[in-house]
Amino acid sequence: MSGLAVAAFSLTAYAQAAKDGGISESMLRDIRKAQVQTTADKALFNAIAANSIDNLAQNHANAVELDTYFSNETKTQSITDQKQSGRCWMFSGMNVLRADFAKKTDSLTVDFSQDYLFFYDQLEKANLFLQGVIDCAKKPMDDERVRFFFQHPLNDGGTFCGVADLTEKYGLVPKSVMPETFSSDNTNRMSGLIKSKLREFGLQLRDMVNAGKKPAAIEAEKTKMLATVYRMLSLTLGEPPTEFTYAFKDSKGRPVGEPKKYTPKTFFEEVTGKKTLNGSFIMVMNDPRREYYKTYEVDFDRHTYDGHNWKYLNLPMEEIEKLAIASIKDGRKLYSSYDVGKFLDRKRGYCDTENFDYGSLFGTTFGMNKAQRIMTYDSGSTHAMTLTAVDHDAQGNPKKWKVENSWGAAWGQKGCLIMSNRWFGEFMFRLVVDKKYVPENLLKLNEQKPVMVMPEDPLFLLDE
(Lines give C-alpha, C1' and ligand atoms only; values in the text may rest on other atoms or scores of the structure.)
Protein backbone atom coordinates (compact mmCIF):
# COMPACT_ATOMS: atom_id res chain seq x y z
CA MET A 1 0.00 0.00 0.00
CA SER A 2 1.39 3.41 -0.96
CA GLY A 3 2.04 6.17 1.52
CA LEU A 4 -0.90 8.16 0.16
CA ALA A 5 -3.17 5.13 0.47
CA VAL A 6 -2.05 4.53 4.06
CA ALA A 7 -2.71 8.20 4.92
CA ALA A 8 -6.15 8.04 3.28
CA PHE A 9 -6.99 4.83 5.12
CA SER A 10 -5.88 6.34 8.44
CA LEU A 11 -7.99 9.46 7.92
CA THR A 12 -11.02 7.34 7.03
CA ALA A 13 -10.54 5.12 10.10
CA TYR A 14 -10.17 8.20 12.33
CA ALA A 15 -13.32 9.78 10.87
CA GLN A 16 -15.30 6.60 11.50
CA ALA A 17 -14.02 6.37 15.07
CA ALA A 18 -14.76 10.05 15.71
CA LYS A 19 -18.25 9.70 14.26
CA ASP A 20 -18.91 6.66 16.43
CA GLY A 21 -18.00 8.61 19.56
CA GLY A 22 -17.00 5.61 21.66
CA ILE A 23 -13.69 4.93 23.38
CA SER A 24 -11.63 3.11 20.77
CA GLU A 25 -8.58 0.96 21.51
CA SER A 26 -6.27 3.68 20.21
CA MET A 27 -8.03 6.31 22.32
CA LEU A 28 -7.66 4.12 25.38
CA ARG A 29 -3.94 3.69 24.61
CA ASP A 30 -3.59 7.49 24.42
CA ILE A 31 -5.44 7.90 27.71
CA ARG A 32 -3.14 5.41 29.38
CA LYS A 33 -0.04 7.04 27.91
CA ALA A 34 -1.18 10.34 29.45
CA GLN A 35 -0.93 8.83 32.94
CA VAL A 36 2.44 9.92 34.28
CA GLN A 37 3.24 7.38 36.97
CA THR A 38 5.42 8.49 39.84
CA THR A 39 6.34 6.91 43.14
CA ALA A 40 3.90 9.31 44.79
CA ASP A 41 0.95 7.95 42.78
CA LYS A 42 1.04 4.59 44.56
CA ALA A 43 1.12 6.34 47.91
CA LEU A 44 -1.79 8.56 46.80
CA PHE A 45 -3.83 5.57 45.70
CA ASN A 46 -3.15 3.73 48.97
CA ALA A 47 -4.20 6.80 50.95
CA ILE A 48 -7.33 7.60 48.92
CA ALA A 49 -8.42 3.94 48.77
CA ALA A 50 -8.45 3.71 52.56
CA ASN A 51 -9.66 7.17 53.58
CA SER A 52 -12.33 9.80 53.01
CA ILE A 53 -11.48 12.17 50.14
CA ASP A 54 -12.45 15.15 52.31
CA ASN A 55 -10.09 14.06 55.08
CA LEU A 56 -7.19 13.87 52.63
CA ALA A 57 -8.07 17.08 50.79
CA GLN A 58 -8.55 19.14 53.95
CA ASN A 59 -6.51 22.31 53.74
CA HIS A 60 -4.46 22.25 56.94
CA ALA A 61 -3.55 25.93 56.55
CA ASN A 62 -7.28 26.76 56.78
CA ALA A 63 -7.97 24.55 59.79
CA VAL A 64 -7.08 27.23 62.32
CA GLU A 65 -9.18 27.90 65.39
CA LEU A 66 -12.58 29.14 64.26
CA ASP A 67 -13.48 32.74 65.10
CA THR A 68 -16.97 32.62 66.63
CA TYR A 69 -17.34 36.34 67.39
CA PHE A 70 -20.01 38.28 65.44
CA SER A 71 -20.37 42.04 65.47
CA ASN A 72 -24.13 41.80 64.85
CA GLU A 73 -26.09 38.79 66.09
CA THR A 74 -29.77 38.14 66.75
CA LYS A 75 -30.94 36.48 69.96
CA THR A 76 -30.25 32.76 70.20
CA GLN A 77 -33.10 30.29 70.33
CA SER A 78 -33.47 26.53 70.66
CA ILE A 79 -32.22 24.47 67.71
CA THR A 80 -34.67 22.30 65.77
CA ASP A 81 -34.18 18.95 64.03
CA GLN A 82 -35.91 18.01 60.76
CA LYS A 83 -34.46 14.49 61.09
CA GLN A 84 -34.96 12.26 58.01
CA SER A 85 -37.23 14.66 56.16
CA GLY A 86 -36.91 17.39 53.55
CA ARG A 87 -38.75 20.03 55.57
CA CYS A 88 -35.89 22.52 56.07
CA TRP A 89 -38.00 25.22 54.35
CA MET A 90 -40.68 24.82 57.02
CA PHE A 91 -38.23 24.68 59.94
CA SER A 92 -36.39 27.77 58.71
CA GLY A 93 -39.64 29.66 58.10
CA MET A 94 -40.97 28.79 61.54
CA ASN A 95 -37.63 29.69 63.13
CA VAL A 96 -38.11 33.18 61.71
CA LEU A 97 -41.72 33.37 62.97
CA ARG A 98 -40.92 32.24 66.50
CA ALA A 99 -37.93 34.61 66.67
CA ASP A 100 -40.17 37.49 65.57
CA PHE A 101 -42.70 36.50 68.26
CA ALA A 102 -40.03 36.37 70.96
CA LYS A 103 -38.69 39.77 69.87
CA LYS A 104 -42.18 41.28 69.90
CA THR A 105 -43.15 39.94 73.33
CA ASP A 106 -39.64 40.21 74.83
CA SER A 107 -40.27 37.29 77.22
CA LEU A 108 -42.62 34.71 75.72
CA THR A 109 -41.57 31.70 73.66
CA VAL A 110 -43.43 29.28 71.44
CA ASP A 111 -42.58 26.19 69.38
CA PHE A 112 -44.77 25.62 66.33
CA SER A 113 -45.94 22.24 65.09
CA GLN A 114 -44.21 21.29 61.86
CA ASP A 115 -46.31 18.13 61.79
CA TYR A 116 -49.53 20.18 61.59
CA LEU A 117 -48.49 22.35 58.66
CA PHE A 118 -46.82 19.40 56.93
CA PHE A 119 -50.15 17.56 56.93
CA TYR A 120 -51.78 20.32 54.92
CA ASP A 121 -48.70 20.80 52.77
CA GLN A 122 -48.95 17.19 51.62
CA LEU A 123 -52.72 17.36 51.13
CA GLU A 124 -52.42 20.56 49.10
CA LYS A 125 -49.60 19.16 46.97
CA ALA A 126 -51.73 16.09 46.29
CA ASN A 127 -54.50 18.37 45.03
CA LEU A 128 -51.98 20.41 43.04
CA PHE A 129 -50.93 17.22 41.26
CA LEU A 130 -54.46 15.91 40.64
CA GLN A 131 -55.74 19.23 39.32
CA GLY A 132 -52.61 19.65 37.21
CA VAL A 133 -53.28 16.24 35.66
CA ILE A 134 -56.87 17.29 34.92
CA ASP A 135 -55.71 20.54 33.33
CA CYS A 136 -53.25 18.68 31.07
CA ALA A 137 -55.32 15.55 30.49
CA LYS A 138 -55.73 16.06 26.74
CA LYS A 139 -51.96 16.26 26.24
CA PRO A 140 -50.01 13.03 25.56
CA MET A 141 -48.20 11.27 28.39
CA ASP A 142 -44.81 12.24 26.96
CA ASP A 143 -45.69 15.95 26.97
CA GLU A 144 -43.16 17.93 29.02
CA ARG A 145 -45.75 19.27 31.47
CA VAL A 146 -47.52 15.91 31.91
CA ARG A 147 -44.15 14.27 32.60
CA PHE A 148 -43.39 16.98 35.14
CA PHE A 149 -46.54 16.20 37.15
CA PHE A 150 -46.16 12.41 37.06
CA GLN A 151 -42.46 12.56 37.87
CA HIS A 152 -43.09 14.84 40.87
CA PRO A 153 -46.58 14.09 42.23
CA LEU A 154 -45.49 14.84 45.80
CA ASN A 155 -42.43 16.01 47.74
CA ASP A 156 -41.58 17.28 51.19
CA GLY A 157 -39.31 20.11 50.01
CA GLY A 158 -40.39 23.69 49.43
CA THR A 159 -39.73 27.39 49.89
CA PHE A 160 -40.91 30.20 52.15
CA CYS A 161 -43.79 30.83 49.73
CA GLY A 162 -45.25 27.58 51.05
CA VAL A 163 -45.03 28.80 54.64
CA ALA A 164 -46.86 31.99 53.64
CA ASP A 165 -49.65 30.31 51.65
CA LEU A 166 -50.21 27.42 54.05
CA THR A 167 -50.33 29.55 57.20
CA GLU A 168 -52.74 31.98 55.52
CA LYS A 169 -55.07 29.10 54.72
CA TYR A 170 -54.62 26.82 57.73
CA GLY A 171 -52.94 28.85 60.48
CA LEU A 172 -50.50 27.41 63.02
CA VAL A 173 -50.68 25.33 66.18
CA PRO A 174 -48.15 24.83 69.00
CA LYS A 175 -45.94 21.73 68.86
CA SER A 176 -47.50 20.46 72.10
CA VAL A 177 -50.91 20.33 70.39
CA MET A 178 -49.72 18.24 67.42
CA PRO A 179 -46.26 16.75 68.05
CA GLU A 180 -44.03 15.01 65.52
CA THR A 181 -44.67 11.38 64.52
CA PHE A 182 -42.34 8.75 63.11
CA SER A 183 -43.55 9.51 59.58
CA SER A 184 -43.14 13.27 59.90
CA ASP A 185 -39.56 12.69 61.05
CA ASN A 186 -39.01 9.96 58.45
CA THR A 187 -41.03 10.92 55.39
CA ASN A 188 -39.69 8.54 52.74
CA ARG A 189 -42.01 5.53 53.11
CA MET A 190 -45.20 7.55 53.67
CA SER A 191 -44.38 9.83 50.74
CA GLY A 192 -43.57 6.91 48.45
CA LEU A 193 -46.91 5.21 49.11
CA ILE A 194 -48.90 8.39 48.56
CA LYS A 195 -46.98 9.10 45.35
CA SER A 196 -47.92 5.67 43.99
CA LYS A 197 -51.58 6.22 44.86
CA LEU A 198 -51.57 9.67 43.27
CA ARG A 199 -50.09 8.37 40.01
CA GLU A 200 -52.82 5.72 39.93
CA PHE A 201 -55.45 8.39 40.57
CA GLY A 202 -53.88 10.61 37.90
CA LEU A 203 -54.35 7.96 35.22
CA GLN A 204 -57.99 7.54 36.23
CA LEU A 205 -58.64 11.28 36.01
CA ARG A 206 -57.02 11.43 32.55
CA ASP A 207 -59.35 8.64 31.41
CA MET A 208 -62.38 10.52 32.75
CA VAL A 209 -61.45 13.74 30.98
CA ASN A 210 -60.74 12.01 27.68
CA ALA A 211 -63.98 10.02 27.96
CA GLY A 212 -65.87 13.31 28.06
CA LYS A 213 -67.07 13.09 31.67
CA LYS A 214 -68.66 16.26 33.04
CA PRO A 215 -66.49 18.61 35.17
CA ALA A 216 -68.76 18.08 38.20
CA ALA A 217 -68.23 14.31 38.03
CA ILE A 218 -64.47 14.76 37.71
CA GLU A 219 -64.44 17.16 40.67
CA ALA A 220 -66.45 14.68 42.77
CA GLU A 221 -64.01 11.88 41.90
CA LYS A 222 -61.04 14.08 42.75
CA THR A 223 -62.62 14.81 46.15
CA LYS A 224 -62.92 11.07 46.86
CA MET A 225 -59.28 10.62 45.90
CA LEU A 226 -58.21 13.41 48.25
CA ALA A 227 -60.24 11.76 51.01
CA THR A 228 -58.05 8.66 50.57
CA VAL A 229 -54.92 10.81 50.80
CA TYR A 230 -56.35 12.56 53.88
CA ARG A 231 -56.85 9.19 55.57
CA MET A 232 -53.30 8.09 54.77
CA LEU A 233 -51.98 11.36 56.22
CA SER A 234 -54.18 11.08 59.31
CA LEU A 235 -52.88 7.58 60.03
CA THR A 236 -49.25 8.65 59.67
CA LEU A 237 -49.21 12.27 60.88
CA GLY A 238 -52.32 12.48 63.06
CA GLU A 239 -55.61 14.34 62.69
CA PRO A 240 -55.09 18.14 62.61
CA PRO A 241 -56.94 19.97 65.41
CA THR A 242 -59.61 22.54 64.55
CA GLU A 243 -59.44 24.19 67.99
CA PHE A 244 -57.35 23.87 71.13
CA THR A 245 -56.55 25.48 74.47
CA TYR A 246 -53.11 26.92 75.08
CA ALA A 247 -51.17 29.13 77.49
CA PHE A 248 -47.93 30.80 76.39
CA LYS A 249 -44.73 30.25 78.37
CA ASP A 250 -41.80 32.42 79.37
CA SER A 251 -38.15 31.64 78.61
CA LYS A 252 -37.99 29.33 81.65
CA GLY A 253 -40.99 27.28 80.53
CA ARG A 254 -43.46 28.74 83.05
CA PRO A 255 -47.05 29.35 81.83
CA VAL A 256 -47.98 33.02 81.51
CA GLY A 257 -51.62 33.96 82.02
CA GLU A 258 -54.70 31.76 81.79
CA PRO A 259 -55.09 29.14 79.02
CA LYS A 260 -57.07 30.47 76.08
CA LYS A 261 -59.08 28.74 73.36
CA TYR A 262 -57.81 29.15 69.79
CA THR A 263 -58.42 27.95 66.29
CA PRO A 264 -55.27 27.48 64.19
CA LYS A 265 -56.01 30.71 62.31
CA THR A 266 -56.65 32.83 65.42
CA PHE A 267 -53.47 31.42 66.96
CA PHE A 268 -51.51 32.39 63.84
CA GLU A 269 -52.93 35.92 63.97
CA GLU A 270 -52.01 36.29 67.65
CA VAL A 271 -48.40 35.15 67.29
CA THR A 272 -47.70 37.05 64.05
CA GLY A 273 -50.00 40.06 64.38
CA LYS A 274 -51.01 39.44 60.73
CA LYS A 275 -53.82 37.83 58.77
CA THR A 276 -51.22 36.64 56.25
CA LEU A 277 -47.49 36.78 55.62
CA ASN A 278 -48.12 37.39 51.92
CA GLY A 279 -47.40 40.99 51.01
CA SER A 280 -45.05 41.55 53.95
CA PHE A 281 -41.86 40.19 52.36
CA ILE A 282 -39.96 39.85 49.12
CA MET A 283 -37.76 36.99 47.95
CA VAL A 284 -34.44 37.93 46.36
CA MET A 285 -32.00 35.62 44.58
CA ASN A 286 -28.53 35.71 43.14
CA ASP A 287 -28.56 34.10 39.71
CA PRO A 288 -25.57 35.39 37.68
CA ARG A 289 -26.91 33.73 34.51
CA ARG A 290 -29.82 36.15 34.31
CA GLU A 291 -30.15 39.92 34.17
CA TYR A 292 -29.99 41.60 37.55
CA TYR A 293 -32.69 43.95 38.85
CA LYS A 294 -35.35 41.92 37.02
CA THR A 295 -38.21 39.95 38.57
CA TYR A 296 -38.77 36.30 37.70
CA GLU A 297 -41.57 33.86 38.49
CA VAL A 298 -41.20 30.08 38.56
CA ASP A 299 -44.24 28.54 36.88
CA PHE A 300 -45.97 25.62 38.67
CA ASP A 301 -43.68 26.14 41.67
CA ARG A 302 -46.11 26.55 44.55
CA HIS A 303 -47.50 24.54 47.43
CA THR A 304 -51.21 25.08 46.82
CA TYR A 305 -53.11 25.15 43.53
CA ASP A 306 -54.74 28.46 44.46
CA GLY A 307 -51.55 29.89 45.99
CA HIS A 308 -48.58 31.93 44.81
CA ASN A 309 -45.83 30.83 42.46
CA TRP A 310 -42.33 31.41 43.70
CA LYS A 311 -41.39 34.95 42.57
CA TYR A 312 -38.03 36.63 43.11
CA LEU A 313 -36.03 39.75 42.34
CA ASN A 314 -32.60 38.85 40.94
CA LEU A 315 -29.85 40.91 42.61
CA PRO A 316 -26.05 41.03 42.82
CA MET A 317 -24.64 39.61 46.05
CA GLU A 318 -23.65 43.08 47.31
CA GLU A 319 -27.33 44.13 47.30
CA ILE A 320 -28.43 40.92 49.01
CA GLU A 321 -25.78 41.39 51.70
CA LYS A 322 -27.07 44.90 52.43
CA LEU A 323 -30.63 43.61 52.90
CA ALA A 324 -29.46 40.81 55.20
CA ILE A 325 -27.33 43.17 57.30
CA ALA A 326 -30.19 45.68 57.71
CA SER A 327 -32.47 42.95 59.06
CA ILE A 328 -29.87 41.38 61.36
CA LYS A 329 -28.90 44.77 62.82
CA ASP A 330 -32.55 45.22 63.79
CA GLY A 331 -32.59 41.82 65.50
CA ARG A 332 -34.60 40.04 62.78
CA LYS A 333 -33.60 36.60 61.51
CA LEU A 334 -34.07 35.69 57.84
CA TYR A 335 -35.01 32.67 55.75
CA SER A 336 -32.10 31.88 53.42
CA SER A 337 -31.04 29.04 51.08
CA TYR A 338 -27.68 27.54 50.06
CA ASP A 339 -25.84 24.73 48.34
CA VAL A 340 -24.77 23.65 51.80
CA GLY A 341 -22.82 20.53 50.86
CA LYS A 342 -20.09 22.42 48.98
CA PHE A 343 -16.84 22.81 50.97
CA LEU A 344 -18.61 22.05 54.24
CA ASP A 345 -16.38 21.08 57.15
CA ARG A 346 -18.94 19.10 59.13
CA LYS A 347 -16.72 18.61 62.17
CA ARG A 348 -16.28 22.34 62.70
CA GLY A 349 -19.61 23.46 61.26
CA TYR A 350 -17.77 25.77 58.89
CA CYS A 351 -18.27 26.56 55.20
CA ASP A 352 -15.33 28.09 53.32
CA THR A 353 -14.05 27.73 49.76
CA GLU A 354 -10.57 27.02 51.17
CA ASN A 355 -11.60 24.16 53.46
CA PHE A 356 -10.58 21.51 50.93
CA ASP A 357 -7.96 21.43 48.18
CA TYR A 358 -9.36 18.82 45.81
CA GLY A 359 -7.30 20.13 42.91
CA SER A 360 -3.94 19.35 44.50
CA LEU A 361 -5.10 15.91 45.58
CA PHE A 362 -6.11 14.92 42.04
CA GLY A 363 -3.61 17.03 40.10
CA THR A 364 -6.22 19.12 38.29
CA THR A 365 -8.35 22.25 38.74
CA PHE A 366 -12.05 22.90 39.34
CA GLY A 367 -12.50 26.19 37.55
CA MET A 368 -16.20 26.83 36.96
CA ASN A 369 -17.71 30.07 38.25
CA LYS A 370 -21.11 30.36 39.93
CA ALA A 371 -23.07 30.83 36.71
CA GLN A 372 -21.34 27.87 35.05
CA ARG A 373 -21.98 25.63 38.05
CA ILE A 374 -25.68 26.48 37.94
CA MET A 375 -26.14 26.00 34.19
CA THR A 376 -24.38 22.60 34.27
CA TYR A 377 -26.40 21.32 37.27
CA ASP A 378 -23.23 21.29 39.38
CA SER A 379 -24.72 23.65 41.97
CA GLY A 380 -28.08 25.00 43.04
CA SER A 381 -30.10 25.94 46.09
CA THR A 382 -30.77 22.78 48.09
CA HIS A 383 -31.12 23.64 51.77
CA ALA A 384 -32.78 26.41 53.78
CA MET A 385 -31.31 27.74 57.02
CA THR A 386 -32.07 30.73 59.23
CA LEU A 387 -29.61 33.60 58.83
CA THR A 388 -28.86 35.02 62.28
CA ALA A 389 -25.55 36.94 62.41
CA VAL A 390 -22.89 38.85 60.47
CA ASP A 391 -19.35 39.93 61.36
CA HIS A 392 -17.69 42.97 59.75
CA ASP A 393 -14.13 44.07 59.16
CA ALA A 394 -12.80 47.53 60.08
CA GLN A 395 -14.23 48.98 56.84
CA GLY A 396 -17.71 47.59 57.54
CA ASN A 397 -17.51 44.80 54.95
CA PRO A 398 -18.93 41.40 55.91
CA LYS A 399 -16.29 38.78 56.82
CA LYS A 400 -18.48 35.90 57.88
CA TRP A 401 -22.09 34.87 58.51
CA LYS A 402 -23.94 32.55 60.86
CA VAL A 403 -27.07 30.46 60.38
CA GLU A 404 -29.28 28.31 62.60
CA ASN A 405 -29.59 24.91 60.99
CA SER A 406 -32.29 22.26 61.52
CA TRP A 407 -30.05 19.20 61.96
CA GLY A 408 -30.15 19.14 65.78
CA ALA A 409 -28.19 20.95 68.50
CA ALA A 410 -25.34 18.40 68.54
CA TRP A 411 -24.31 19.26 64.98
CA GLY A 412 -21.73 21.90 63.98
CA GLN A 413 -21.48 24.99 66.18
CA LYS A 414 -24.14 23.91 68.69
CA GLY A 415 -26.58 23.44 65.82
CA CYS A 416 -25.37 26.47 63.90
CA LEU A 417 -23.12 26.92 60.87
CA ILE A 418 -20.50 29.61 60.23
CA MET A 419 -19.81 30.70 56.62
CA SER A 420 -16.97 32.82 55.28
CA ASN A 421 -18.09 35.71 53.08
CA ARG A 422 -16.26 34.25 50.06
CA TRP A 423 -18.25 31.02 50.47
CA PHE A 424 -21.45 33.03 51.04
CA GLY A 425 -20.95 34.76 47.69
CA GLU A 426 -20.49 31.49 45.80
CA PHE A 427 -23.09 29.22 47.37
CA MET A 428 -25.82 31.44 48.83
CA PHE A 429 -28.84 31.72 46.51
CA ARG A 430 -32.03 33.11 48.02
CA LEU A 431 -33.15 35.32 50.87
CA VAL A 432 -36.57 36.27 52.23
CA VAL A 433 -36.57 39.76 53.73
CA ASP A 434 -39.28 41.85 55.36
CA LYS A 435 -40.24 44.80 53.16
CA LYS A 436 -39.36 47.28 55.91
CA TYR A 437 -35.66 46.59 55.25
CA VAL A 438 -35.91 46.92 51.47
CA PRO A 439 -35.12 50.29 49.79
CA GLU A 440 -37.92 51.89 47.79
CA ASN A 441 -36.16 51.40 44.45
CA LEU A 442 -35.93 47.63 44.99
CA LEU A 443 -39.54 47.42 46.17
CA LYS A 444 -40.57 49.14 42.95
CA LEU A 445 -38.48 46.73 40.86
CA ASN A 446 -40.08 43.79 42.67
CA GLU A 447 -43.47 44.92 41.34
CA GLN A 448 -42.47 44.80 37.66
CA LYS A 449 -44.10 42.15 35.49
CA PRO A 450 -42.10 38.96 36.11
CA VAL A 451 -40.38 36.92 33.44
CA MET A 452 -41.82 33.40 33.57
CA VAL A 453 -39.27 30.60 33.97
CA MET A 454 -39.74 26.85 34.17
CA PRO A 455 -39.38 24.68 37.31
CA GLU A 456 -36.99 22.30 35.53
CA ASP A 457 -34.29 24.99 35.70
CA PRO A 458 -31.31 23.69 37.74
CA LEU A 459 -31.46 26.59 40.19
CA PHE A 460 -35.06 25.97 41.20
CA LEU A 461 -34.56 22.87 43.27
CA LEU A 462 -36.69 22.70 46.37
CA ASP A 463 -35.14 23.44 49.76
CA GLU A 464 -34.86 20.15 51.61
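Calculation notes
Residues numbered from 1 in each chain as written. Predicted model: local features only at pLDDT ≥ 70, side-chain atom pairs only at ≥ 80, totals over all residues. Heavy atoms only, no water. Helix = DSSP H or I, 4+ residues; strand = E, 2+ residues; numbered from the N terminus. Buried < 20%, exposed > 50% of the residue type's maximum accessible area, 1.4 Å probe, protein only. Contact = heavy atoms within 4.5 Å. Areas by Shrake-Rupley, 256 points an atom, 1.4 Å probe, with all protein chains shown as cover. Lys, Arg positive; Asp, Glu negative; His and termini not counted. Charge placed at Lys NZ, Arg CZ, Asp CG, Glu CD. Core = buried A, V, L, I, M, F, W, Y, C linked by side-chain atoms within 4.5 Å. Polar contact = N/O pair within 3.5 Å; in protein donor to acceptor, adjacent residues only side chain to side chain. Salt bridge = Lys/Arg side-chain N within 4 Å of Asp/Glu carboxyl O. Phe/Tyr/Trp six-rings, centres within 6.5 Å; stacked < 30°, edge-to-face > 60°. Lys NZ or Arg CZ within 6 Å of the ring centre and 35° of its normal. Disulfide = S-S within 2.5 Å. Pairing = 2+ DSSP bridges.

Along the backbone of the chain there are 17 helices and 16 strands. Taken along its principal axes, the extent of the C-alpha atoms in the chain is 100 × 70 × 50 Å. A buried classification covers 48% of the 464 residues belonging to the chain. By sequence separation, contacts in the chain at least 24 residues apart represent 77% of the contacts at least 6 residues apart. Carbon and sulfur atoms make up 54% of the accessible area of the chain, which amounts to about 23200 Å² in all. Put simply, the chain has 61 plus and 61 minus side-chain charges, and the middle of one group is 2 Å from the middle of the other.

Let us look at the nonpolar core. With 73 residues, the main nonpolar core has Leu172, Phe248 and Phe267 as its most contacted residues. Counting 33 residues, the second-largest nonpolar core is a separate cluster that includes Leu323, Trp423, Phe427 and Leu443.

The next point concerns the environment of Lys400. Note that Lys400 resides in strand β13 (residues 398–404). Considered as a pair, Lys400 and Ile418 are 18 residues apart in the sequence and their alpha carbons are 7.0 Å apart. The contact partners of Lys400, leaving out residues within four places of it in the chain, are Asp67, Tyr69, Phe70, Ala389, Val390, Asp391, Ile418, Met419, Ser420 and Asn421. A polar side-chain atom of Lys400 sits 3.2 Å from a polar atom in the side chain of Asp67. At a separation of 2.6 Å, a polar atom in the side chain of Lys400 contacts the side chain of Asp391.

Once that is clear, we can look at the pattern of salt bridges. By the definition in use, this model includes 31 salt bridges. Across the pair Lys75 and Asp106 runs a salt bridge, and its minimum N-O distance is 3.7 Å. Of the two residues, Lys75 sits in the loop between β1 (72–73) and α5 (88–105) while Asp106 sits in the loop between α5 and β2 (108–109), which places them 31 residues apart along the sequence. Judged on exposure class, the residue Lys75 and its partner Asp106 are both exposed. Across the pair Glu426 and Arg373 runs a salt bridge whose closest N-O atoms are separated by 2.5 Å. In this pair, Glu426 is assigned in helix α16 (residues 421–427) and Arg373 in helix α15 (residues 370–375), connecting sequence segments 53 residues apart.

Looking now at the packing of aromatic side chains. Summed over all chains, the structure comprises 31 aromatic pairs. Chaining the aromatic ring pairs together yields one cluster made of Tyr338, Phe343, Phe356, Tyr358, Trp401, Trp423, Phe424 and Phe427. Above the plane of the ring of Phe70 lies Lys400, whose end atom (NZ or CZ) is 4.8 Å from the centre.

By definition, a disulfide links the sulfur atoms of two cysteines through a covalent bond. Per the stated rule, a full pass over the model turns up zero disulfides. Unpaired in this structure, Cys88 has its nearest cysteine sulfur neighbour in Cys161, at a distance of 14 Å. Of all cysteine sulfurs in the structure, the one in Cys416 sits closest to Cys351, which takes part in no disulfide; the separation is 13 Å. Given a relative accessible area of 0%, Cys351 falls into the buried group.

Residues in a regular strand project their side chains so that they alternate between the two faces of the sheet. Burial analysis of strand β7 (residues 294–298) places four of its five residues in the buried class, which makes it a mostly covered element. Inspection of the sheet shows β7 paired to strand β8 (residues 310–314) by five bridges, in the antiparallel sense. The residue bridging Lys294 from the neighbouring strand is Asn314, located in β8. Pairing between β7 and strand β16 (residues 451–453): three bridges, direction parallel. In the strand pairing of β16, Tyr296 is matched with Val451.

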